[in-house]
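# An overview of the molecular structure
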Amino acid sequence: MLEEVILKLAAAESLPDSLPADPLLLLTQWYEQAKAAKSTPNPDAVALATATPDGHPSVRMVLCRHVEPDGSLMFYTNYDSRKSADLLANPRAAVVFHWDHQGRQARAEGFTVHATDQESDAYFNKRALLSRLGSWASKQSSPLASRKDLVTAVAQAATRLRVSIESLLSPKPAITIPRPPNWGGFRIWIDRLELWCGGSGRLHDRAAWIRQRTDGQSTLAPGQLPSFTPWQAQRLYP
Ligand SMILES: Cc1cc2nc3c(=O)[nH]c(=O)nc-3n(C[C@H](O)[C@H](O)[C@H](O)COP(=O)(O)O)c2cc1C
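Residues numbered from 1 in each chain as written. Predicted model: local features only at pLDDT ≥ 70, side-chain atom pairs only at ≥ 80, totals over all residues.

The helix and strand tally for the chain stands at 7 helices and 8 strands. Seen along its three principal axes, the alpha-carbon backbone of the chain occupies a region of about 75 × 40 × 35 Å. Scored against the burial criterion, the 238 residues of the chain give a buried share of 24%. Counting only contacts in the chain whose residues sit at least 6 apart along the sequence, the fraction spanning at least 24 positions is 64%. (Helix = DSSP H or I, 4+ residues; strand = E, 2+ residues; numbered from the N terminus. Buried ≥ 20, exposed ≤ 12 C-beta atoms within 10 Å, placed from the backbone. Contact = placed C-beta atoms within 7 Å.)

Here you go:
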């Protein structure tokens with residue numbers, strides 16, 4: 001009786017009583033539902049944590065553009081940025097989604113690999129023209145003397161790449177420009193995933209899934225697939 005009352009008071013979404021052997025369907029559902037809800041401007045935003053090999057952590061927001069059913073996530077960035085320097089030296093990364101309106105959190109940890117050129121090109125070509133020019137102009141994470149210098153660098157990129165003012169002002173410019181070689185995707189192969197549903201009275205529901213690499217490779221080339229053991233699931237005190 002007492003337990004029934006407490007369960008009712010905690011009323012909120014919970015994870016299935018019997019945890020699914022593979023959590024990726026739930027993760028993709030949560031991601032798609034958050035995007036469909038349109039309750040926040042960037043439902044695909046994650047805090048991305050990286051660390052230098054000597055353990056100096058840093059964290060920043062990025063847009064997680066794909067959550068793949070194979071258990072990987074993709075974000076795009078400048079390959080000379082601080083986060084990229086961290087990931088080059090230490091490919092381990094962690095991200096967290098917080099879908100506040102849905103009362104959900106998803107935490108993923110794993111190792112990162114550069115996207116293939118085709119994957120980076122495909123996403124680059126979908127970006128707004130000004131964002132594409134910005135990727136050429138921005139030396140992300142390097143010192144910038146003034147904001148005007150950035151605007152000048154974008155204008156210089158537009159001139160160099162023959163982008164007209166009409167194209168810049170057009171809502172759908174029919175123009176393709178090449179992708180800068182130092183801009184592209186990072187794929188995070190998840191080996192630990194934690195899903196959290198918020199409940200009243202802090203009676204949240206929380207579970208983690210882990211899997212181990214079985215391919216024995218120390219590094220992966222872009223596009224190369226790792227292999228893993230099956231997931232192991234464990235409910236956790238919130
Ligand atoms: C909501 C949001 C989304 C962002 N998305 C990206 C992104 O997808 N890629 C990116 O490189 N920076 C993105 N940024 C900027 C980063 O947070 C960060 O300032 C930048 O990448 C430089 O980080 P770094 O110096 O640690 O490499 C975003 C910022 C915010 C607030």
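It is worth spelling out unusual backbone geometry at this point. Backbone geometry at Lys-38 places phi at a positive 50 degrees, although glycine is not the residue there. Residue position: Lys-38 is located in the loop between helix H2 (24–37) and strand S1 (45–51). For Lys-38, a count of 9 C-beta atoms within 10 Å gives the class exposed. Even without a glycine there, the phi angle at Arg-162 is positive, about 55 degrees. Mapped onto the elements, Arg-162 comes out in the loop between helix H6 (147–160) and helix H7 (165–169). In this structure Arg-162 comes out as exposed when scored by C-beta crowding, with 9 C-beta atoms within 10 Å.

Lining the immediate environment of the ligand, one finds 16 residues, of which Thr-77, Ser-81, Arg-82, Lys-83 and Ser-141 sit closest. It is strand S2 (residues 57–68) that provides the largest number of residues to the shell around the ligand, a total of 5 residues. Per-class residue counts for the shell around the ligand are 6 nonpolar, 7 polar and 3 charged. (Near = placed C-beta within 6 Å. Nonpolar A, V, L, I, M, F, W, Y, C, P; charged D, E, K, R; others polar.)

For a regular strand, the rule is simple: side chains alternate between the two faces of the sheet. As judged from the 3 bridges shared by S1 and strand S4 (residues 92–99), these two strands associate in the antiparallel manner. Looking at the pairing, Ala-49 lines up with Ala-94 of S4. Both S4 and strand S5 (residues 104–114) contribute to a ladder of 8 bridges, which runs antiparallel. The partner of Val-95 across the bridge, within S5, is Ala-108. (Pairing = 2+ DSSP bridges.)

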